[in-house]
Amino acid sequence: MIKSSKIMLLAAAALASSTAIASADKLTFYCSAQEEWCQVMANGFQDATGIEVNMTRKSSGETFAQIKAEASNPKGDIWWGGTGDPHLQAAEEDLTEPYVSPMRAELNDWAISQATSAGDKTIGIYSGALGFGYNNDLIKANNLPEPKCWKDLTKPEYKDHVQMANPNSSGTAYTTLATMVQLFGEENGFQFMKDLHANINQYTKSGSAPIKAAGRGENTIGIVFMHDAVAQAVSGFPVTPVAPCEGTGYEIGSMSIIKGARNLDEAKKFYDWALSADAQSLALGVKAFQVPSNKGAETSPSAPDLSSIKLIDYDFKKYGSSDERKRLLKKWDDEVSTLPQ
């Protein structure tokens, strides 16, 4: 009987050990970039390491909400992609883990600045300027002037021709809201959003959806990051990207390890791998035209040249803070979204 008990205990220990090893070879990956890029990152890491990746793709606002809802029992290990503001908010709310990667020496200064402002709880993986794009055929068919500036989009002739995402679910749209406040001042920035609201035909969930709809001929003008408009143009759709004349904000797409990650070692391995030049160069294969944070990564000649765009001095720390984000979103909900169209 004693011998039998020992055998059972040894078997149980072996089973527990094998279960632990199996679970250690997995990664739950929350991704807020475009679907194709998310897939190639998941597959690329799995191929490079043998670690099984379970990927979920949602917009950055939705992913932040999910991580917050799961805080008492975290399901995800790492969050990659999407605008930096919600990553900074997650860091402020202690939803993410600090980590200093040995890859940092290979990164551009703006990527390190993002990490520094968040106590090393996030880091920059790519950058891109905010702007818009329009469908050339629909502009001509509707006898509309080609828009060059933000304020052009508020003119009466563009009524029902403009689309943007909802800033509550989309990091792109929140960056738009924060950009207008910084570009025009809060009072005039919200007046711009109100005037723009009158011309909006739909608020989408995803930030890139408006320009994809424009590419398909279902919408005329989409407010998006310029690289998303470039992606449509390069794919052969009749889309023209625009850097607005007044100047514009920009994003630092970011990556964060989720606090309480069940597979922390695997999350760190992904983090290091995702900062490598090889991993960041995978973007070219899926027509992602952001500027990579690794200085050695390949950049497409079609990517927007940030040095030629009039960029504002975007205050990431302020507009990525929890209180400021909540305040601006509530004000948009109360004062803009409720207006008639």
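Placed above this text is the structure.
Values in this document were obtained by computation on a predicted structure and should not be read as measured data. (Residues numbered from 1 in each chain as written. Predicted model: local features only at pLDDT ≥ 70, side-chain atom pairs only at ≥ 80, totals over all residues. Heavy atoms only, no water.)

Brief notes about the nonpolar core
Here is step 1 of the chain: Counting residues in each nonpolar core, the largest one holds 40 residues, and the members touching the most others are Trp150, Met193, Leu196 and Ile223.
Here is step 2 of the chain: In contact with tryptophan 150, other than residues within four places in its own chain, are Leu130, Gly131, Phe132, Met180, Leu183, Phe184, Phe192, Ile223, Pro244, Glu246, Gly247 and Thr248.
Here is step 3 of the chain: Trp37, Met55, Ala111 and Val286 belong to the second largest nonpolar core, which has 35 residues in total. (Core = buried A, V, L, I, M, F, W, Y, C linked by side-chain atoms within 4.5 Å. Buried < 20%, exposed > 50% of the residue type's maximum accessible area, 1.4 Å probe, protein only. Contact = heavy atoms within 4.5 Å.)

What to know about the environment of asparagine 142
Here is step 1 of the chain: Within the fold, asparagine 142 resides in the loop between helix H6 (136-141) and strand S6 (162-165).
Here is step 2 of the chain: Between the alpha carbons of asparagine 142 and serine 127 there is a distance of 34 Å; along the sequence they are 15 residues apart. (Helix = DSSP H or I, 4+ residues; strand = E, 2+ residues; numbered from the N terminus.)

Side note on the state of the cysteines
Here is step 1 of the chain: Per the stated rule, a full pass over the model turns up two disulfides.
Here is step 2 of the chain: At a sulfur-sulfur separation of 2.0 Å, the disulfide partner of cysteine 31 is cysteine 38. Since a negative S-S torsion denotes a left-handed disulfide, the cysteine 31-cysteine 38 link at about -85° is left-handed.
Here is step 3 of the chain: The exposure class of cysteine 31 is buried, given its relative accessible area of 0%.
Here is step 4 of the chain: Note that cysteine 149 is cross-linked by a disulfide to cysteine 245, the S-S spacing being 2.0 Å. In this structure, the disulfide formed by cysteine 149 and cysteine 245 twists by about 120° around the S-S bond and is classed as right-handed. Of this pair, cysteine 149 sits in the loop between H6 and S6 while cysteine 245 is found in the loop between strand S9 (239-242) and strand S10 (250-258), placing the two residues 96 residues apart along the sequence.
Here is step 5 of the chain: Of the residues examined, cysteine 149 reaches a relative accessible area of 16% and is grouped as buried. (Disulfide = S-S within 2.5 Å.)

Brief notes about unusual backbone geometry
Here is step 1 of the chain: In this structure, aspartate 160 takes a positive phi of about 70° despite not being glycine.
Here is step 2 of the chain: Within the fold, aspartate 160 resides in the loop between H6 and S6.

Brief notes about the pairing of S10
Here is step 1 of the chain: Of all nine residues that make up S10, nine are buried, and the element is covered over most of its length.
Here is step 2 of the chain: Residues of S10 alternate between two faces, with Tyr250, Ile252, Ser254, Ser256 and Ile258 on one and Glu251, Gly253, Met255 and Ile257 on the opposite face, all of them buried.
Here is step 3 of the chain: Sheet analysis places strand S3 (residues 78-80) next to S10, joined by three bridges and oriented antiparallel. Looking at the pairing, isoleucine 78 lines up with isoleucine 257 of S10.
Here is step 4 of the chain: Bridge count between strand S4 (residues 96-97) and S10: two bridges; the pairing is antiparallel. (Pairing = 2+ DSSP bridges.)

Things to note about the pattern of salt bridges
Here is step 1 of the chain: Tallying each qualifying case throughout the model produces 13 salt bridges.
Here is step 2 of the chain: Aspartate 94 is the partner of lysine 259 in a salt bridge, and the nearest nitrogen-oxygen pair spans 2.6 Å. Of this pair, lysine 259 sits in the loop between S10 and helix H11 (264-274) while aspartate 94 sits in the loop between helix H4 (84-92) and S4; the two residues are 165 residues apart in sequence, bridging distant segments of the chain.
Here is step 3 of the chain: Judged by relative accessible area, lysine 259 falls into the partly exposed class, the value being 35%.
Here is step 4 of the chain: The class for aspartate 94 is partly exposed, based on a relative accessible area of 36%. (Salt bridge = Lys/Arg side-chain N within 4 Å of Asp/Glu carboxyl O.)

Quick notes on the packing of aromatic side chains
Here is step 1 of the chain: Taken as a whole, this structure holds 17 aromatic pairs when the rule is applied.
Here is step 2 of the chain: Relative to tyrosine 126, the ring of tryptophan 80 has its centre 6.5 Å away and its plane inclined at 70°; by these criteria the two rings are edge-to-face. Within this pair, whereas tryptophan 80 is found in strand S3, its partner tyrosine 126 is found in strand S5 (residues 123-135), the two being separated by 46 residues in sequence. Comparing tryptophan 80 with tyrosine 126 shows no difference in burial state: the two are buried.
Here is step 3 of the chain: Within the aromatic cluster, the residues linked to one another by ring pairs are Phe29, Trp37, Phe45, Trp80, Tyr126, Phe270 and Trp273.
Here is step 4 of the chain: Over the face of the ring belonging to phenylalanine 184 we find lysine 151, whose NZ or CZ atom lies 4.7 Å from the ring centre.
Here is step 5 of the chain: We note arginine 325 situated over the ring of tyrosine 174; from NZ or CZ to the ring centre the distance is 4.4 Å. (Phe/Tyr/Trp six-rings, centres within 6.5 Å; stacked < 30°, edge-to-face > 60°. Lys NZ or Arg CZ within 6 Å of the ring centre and 35° of its normal.)

Just distances and angles here, no functional claims.
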